[in-house]
Amino acid sequence: MRVAALAGGVGGARFLRGLLAALRASPDPARQRAELTVVVNTADDVTLHGLRVSPDLDSVMYTLGGGIDEERGWGRDSESYGVAQELARYGRTPTWFTLGDKDVATHVVRTQLLAQGRTLSQVTEELCRRWRPGARLLPMTDDVVETHVDLADVPEAERAAHDGEAGGRRVHFQEWWVRLHAAVPARRIEAVGAAAARPAPGVLEALRDADVVVLPPSNPVVSIGSILAVPGVREALVRTAAPVVGVSPVVGGAPVRGMADACLAAIGVPTTAAAVAGLYADLLDGWLVAEGDEGPAPGPRPLAVRRRPLLMSDPAATAALAGAALDLALELAGRESAA
């Protein structure tokens, strides 16, 4: 069985860990032997202190490889911050994005290998040789794509609450997300470079050849949305013979985690499970929502909606959620085979 997933962020990484756990614990030999390929968002990538940082790739790699800070969901476990503290003493900015000492080693290796002419795909494969995540991790593209945010103007009386931010300018997504906590409204969010990017080697093949495709509860705008913005990816999902099943990142009108509501507001989409499903209407076959949340309006293709507990409160709940998504996908695949 070949399972493909699109993912980014803490929620996506934790869901994928639950998916691997559900597969390995299954009594079905086909699920136990399943191969998982993950196409990971790289539009969050940023260069800091001369180092190329790939937050989503690293979060997925550390989570699946057993090195993540479990409390935060990002960065390394048992981390220290001596390098960051020394950089601050030298007055080197930014100080709002703190790189841990262990984490710096990953970014140094990535930056060195990229400077030697390796592609991001090759670098990711090299890093994964250490972490052994149990899945094949593919960046969405080897080309440089960075999400930028146009900030709304901030009234003078409110600037103190936003670290002195006046707004009315364009910033890297990480500054909006980490320094400003997405509290300053975004007038526009753009994945710069996505339109000219090419899918990384193996991405389109993984989607084409999959038996199941899963969309974890990642941010629909700046994680899944960025991957879909790479030419050819969305089309591959529309054409794949595999059922595409997604998990809502919204419960009761609020994001399960993070600030996806601020991103949805920037593109004029309500923070509801139904509205998020609408963003995937041309490619989605199945959709998991929380009890009490409504399914989307009829779209261009039939959509099976199931209600399940969506909170990934512990490893067992996460594995159960991932297993439910897989069950729905295989149910839909069976219907197609019978037809």
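As shown above, the structure is provided for reference.
Being a predicted model, the structure only gives us computed values, none of them experimental.

Reading the values: rules and limits
Residues numbered from 1 in each chain as written. Predicted model: local features only at pLDDT ≥ 70, side-chain atom pairs only at ≥ 80, totals over all residues. Heavy atoms only, no water. 1 Å grid on protein atoms, 1.4 Å probe; cavity = no way out; pocket = protein on both sides within 12 Å on 5 of 7 lines; lining within 4 Å. Points joined across faces, edges and corners; volume = space filled by probe spheres on them. Nonpolar A, V, L, I, M, F, W, Y, C, P; charged D, E, K, R; others polar. Pairing = 2+ DSSP bridges. Helix = DSSP H or I, 4+ residues; strand = E, 2+ residues; numbered from the N terminus. Axes fitted to C-alpha atoms, helices over the stretch in contact; angles between N-to-C directions. Parallel < 35°, antiparallel > 145°, perpendicular 65-115°, else oblique. Left-handed = near helix turned anticlockwise from the far one by under 90°. Contact = heavy atoms within 4.5 Å.

*Asks:* Explain empty space enclosed by the protein here, please?
*Replies:* Any empty space left between the atoms is revealed when a probe the size of a water molecule rolls over them. With the rule as written, the count across this model stands at 1 cavity of 30 Å³ or more. Size it by volume and the largest cavity reaches roughly 30 Å³. Forming the boundary of the largest cavity are L215, P216, S218, I224, V247, P249, Y280 and W287. When the residues that make up the lining of the largest cavity are grouped by side-chain class, the tally is 7 nonpolar, 1 polar and no charged.

*Asks:* Mind showing me how you'd approach the sheet that holds strand β6 (residues 146-151) here?
*Replies:* Picture the strands of a sheet paired through backbone hydrogen bonds; they go either parallel or antiparallel. Across the sheet, which stays open at both edges, the 3 strands sit in the order β7-β6-β8 with antiparallel pairing between neighbours. Edge positions in the sheet fall to β7 (170-172) and β8 (186-192), since each of these pairs with one other strand and no more. Each neighbouring strand pair of the sheet contributes to a mean axis angle of 25°, computed without reference to strand direction. The sheet contact formed by β6 and β8 spans 6 bridges and is antiparallel. Looking at the pairing, T147 lines up with A191 of β8.

*Asks:* How should I be thinking about the packing of helix α3 (residues 55-65) against helix α5 (residues 101-115) in this particular structure?
*Replies:* Between two packed helices, both the angle of their axes relative to each other and the distance between the axes serve to describe the pair. In contact at an axis separation of 12 Å, α3 and α5 are set at 120° when each is read in the N-to-C sense. Judged by the angle between their axes, α3 and α5 are oblique. Where α3 crosses over α5, the handedness of that crossing is right-handed. Counting all contacts with α3, which are made through D58, M61 and Y62, the residues of α5 involved are D103, T106, H107 and R110. Looking at the contact of α3 with α5, its residues break down into 2 nonpolar, 2 polar and 3 charged.

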